[in-house]
Amino acid sequence: MIDTVAAAALPVDEMLRIQKNRLEPEQKNEKLKRMVIVTGTHGDELEGQFCCYEVIRRINEHKEYLNGIVDVFPALNPLGIDTITRGIPKFDLDMNRIFPGNMDGSLAEYTAHEIVEDIKGADVCIDIHSSNIFLREIPQIRISEETAEVLVPMAKKMNVDYIWVHAAATVLESTLAHSLNASGVPTLVAEMGVGMRITKEYGYQLVEGIFNLMKDMGIWTGPVEPVREPIVSTDGKVAFINAEASGVFVPHIYHSRKVKKGEYMGDIIDPITGSVIHAVESPVDGLVFTLREYPIVYEGSLLARILGGVE
């Protein structure tokens, strides 16, 4: 059942509608648990679109296994998706910086408020993001230190490669995840892939994790696939590699592979002189979980993130 959670008039007789698809079993009762899946907060992050499709498709194929409520929001920022814009177009605004919103505020604040109010009371929320167009990320869950005790056990069921526990001070209070966690809705932030693209293998991987968590919660009674054991880390184990010069980055290594300290990772080259400006080496042993996707770089540009200490 498709519901409109928030609606507002736009110029030229158009309407902004935030919609969700509610999937629920034929036999309903007040004790049913509810999972919410949201994505499309940033209009240039599309990996979650495939996940929403796949979750809904699988549930519809076997509704007899559904034993709870699943609400799917494919586009929290439909204007951004329509215009391939990260934020809300014409507002110059990042939607993930205005939660929990304001009923009497601007259009963006109003829609944020209505989204939060609709999700409140859920037993879990999965907030799916992509990376930007510059970087590729392995499937991971990002969690603040203050919510780690509750969320890490749930994240381990999500079939991701990595759980990154952030220092609480780095978590913005204006995000959807923070607002929902503060209101009592355990919210997992999934990050994977690259901006403006769909990586199907990552989508399938995360969807398997979503069904595994649904099974653990009693929302899904059908068979599920075994999930992988993720690496759990804190900020202190993550090494950042930034460009030491401007140019074109040509990686030598592959994403999501392990490297050794001092290992050659790629070159920053100068196309006009045919020279290597800087040969990039790994500062630690570990797993490359972020790798530069867009090749043009400037001094200080992020090239890679490595989870150190992984053999």
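Scroll up to find the structure this text is about.
Note that the structure is predicted; figures quoted are calculated from it, not measured. (Residues numbered from 1 in each chain as written. Predicted model: local features only at pLDDT ≥ 70, side-chain atom pairs only at ≥ 80, totals over all residues. Heavy atoms only, no water.)

Draft legend 1. Main features of empty space enclosed by the protein. As enumerated under the stated definition, the model contains 1 cavity of 30 Å³ or more in all. There is about 80 Å³ of room inside the largest cavity. Every residue lining the largest cavity is listed: Leu 16, Ile 18, Leu 76, Asn 77, Pro 78, Leu 79, Ile 88, Phe 91, Met 95, Leu 107, Ala 108 and Thr 111. Within the residue set of the lining of the largest cavity, elements represented by two or more residues are β2 (14-23), α2 (78-83) and α3 (107-119). (1 Å grid on protein atoms, 1.4 Å probe; cavity = no way out; pocket = protein on both sides within 12 Å on 5 of 7 lines; lining within 4 Å. Points joined across faces, edges and corners; volume = space filled by probe spheres on them. Helix = DSSP H or I, 4+ residues; strand = E, 2+ residues; numbered from the N terminus.)

Draft legend 2. Region of the structure containing the sheet that holds strand β13 (residues 264-270). The sheet built from 4 strands is open, its strands ordered β14-β13-β11-β16 with antiparallel pairing. Unpaired on one side and paired on the other, β14 (275-281) and β16 (296-297) mark the two borders of the sheet. Bridge count for strand β11 (residues 247-251) against β16 is 2 bridges, and the pairing is antiparallel. Along β16, the bridge assignment pairs Val 248 with Ile 296. (Pairing = 2+ DSSP bridges.)

Draft legend 3. Structural detail: the environment of Ile 163. When you line up the elements, Ile 163 lands in strand β7 (residues 162-166). With relative accessibility at 0%, the residue Ile 163 sits in the buried group. For the pair Ile 163 and Asn 29, spaced 134 residues apart in sequence, the C-alpha separation works out to 34 Å. Sequence-distant contacts of Ile 163, defined by excluding residues within four places in its chain, comprise Ile 141, Ile 143, Val 152, Ala 155, Lys 156, Pro 230, Ile 231, Val 232 and Ser 233. (Buried < 20%, exposed > 50% of the residue type's maximum accessible area, 1.4 Å probe, protein only. Contact = heavy atoms within 4.5 Å.)

Draft legend 4. Examining the packing of aromatic side chains more closely. Summed over all chains, the structure comprises 8 aromatic pairs. Between the aromatic rings of Phe 50 and Tyr 53, the centroid separation amounts to 5.9 Å while the plane-to-plane angle is 40°, which identifies the pairing as tilted. Of the two residues, Phe 50 and Tyr 53 are both situated in helix α1 (residues 47-61); the distance of 3 residues between them amounts to about one turn of the helix. A relative accessible area of 11% means that Phe 50 is categorised as buried. Arranged with centres 5.2 Å apart and planes meeting at 80°, the rings of Phe 50 and Tyr 204 form a pair that is edge-to-face. One end of the pair, Phe 50, is in helix α1; the other, Tyr 204, is in helix α6 (residues 200-217), with 154 residues separating them in the sequence. A network of ring pairs unites the aromatic residues Phe 50, Tyr 53 and Tyr 204 as a single cluster. (Phe/Tyr/Trp six-rings, centres within 6.5 Å; stacked < 30°, edge-to-face > 60°.)

Draft legend 5. Here's a closer look at the pairing of strand β3 (residues 34-38). The buried fraction of β3 amounts to 5 of the 5 residues, a majority that puts the element mostly inside the structure. The two faces of β3 match: Arg 34, Val 36 and Val 38 on one face and Met 35 and Ile 37 on the other face are all buried. Direction of pairing for β3 relative to strand β4 (residues 69-73): parallel, over a ladder of 5 bridges. Across the sheet, the residue bridging to Arg 34 is Ile 69, located in β4. Between the parallel pair β3 and β4, the chain is carried across by α1, and the sense of this crossover is right-handed. (Right-handed = clockwise from strand over helix to strand, strands pointing away.)

Draft legend 6. Geometry of the layout of surface pockets. Computed from the structure, the largest pocket encloses a volume of approximately 770 Å³. Looking at the largest pocket, it is lined by 34 residues, and the ones nearest its centre are Arg 142, His 166, Thr 175, Val 189 and Glu 191. Looking at the lining of the largest pocket, the elements with two or more residues in it are β5 (124-130), β6 (135-144), β7, α5 (176-182), β8 (187-193) and β17 (302-308). For the lining of the largest pocket, a count of residues per class yields 11 nonpolar, 14 polar and 9 charged. Roughly 230 Å³ of volume is contained in the second largest pocket. Residue lining of the second largest pocket: Leu 10, Pro 11, Val 12, Glu 14, Met 15, Leu 79, Asp 82, Thr 83, Pro 89, Lys 90, Phe 91 and Leu 107, and that is the complete set. Secondary-structure elements contributing two or more residues to the lining of the second largest pocket are β2 and α2. Examining the composition of the lining of the second largest pocket, we find that 3 residues originate from one element, α2, more than from any other. Of the residues in the lining of the second largest pocket, the class split is 8 nonpolar, 1 polar and 3 charged. (Nonpolar A, V, L, I, M, F, W, Y, C, P; charged D, E, K, R; others polar.)

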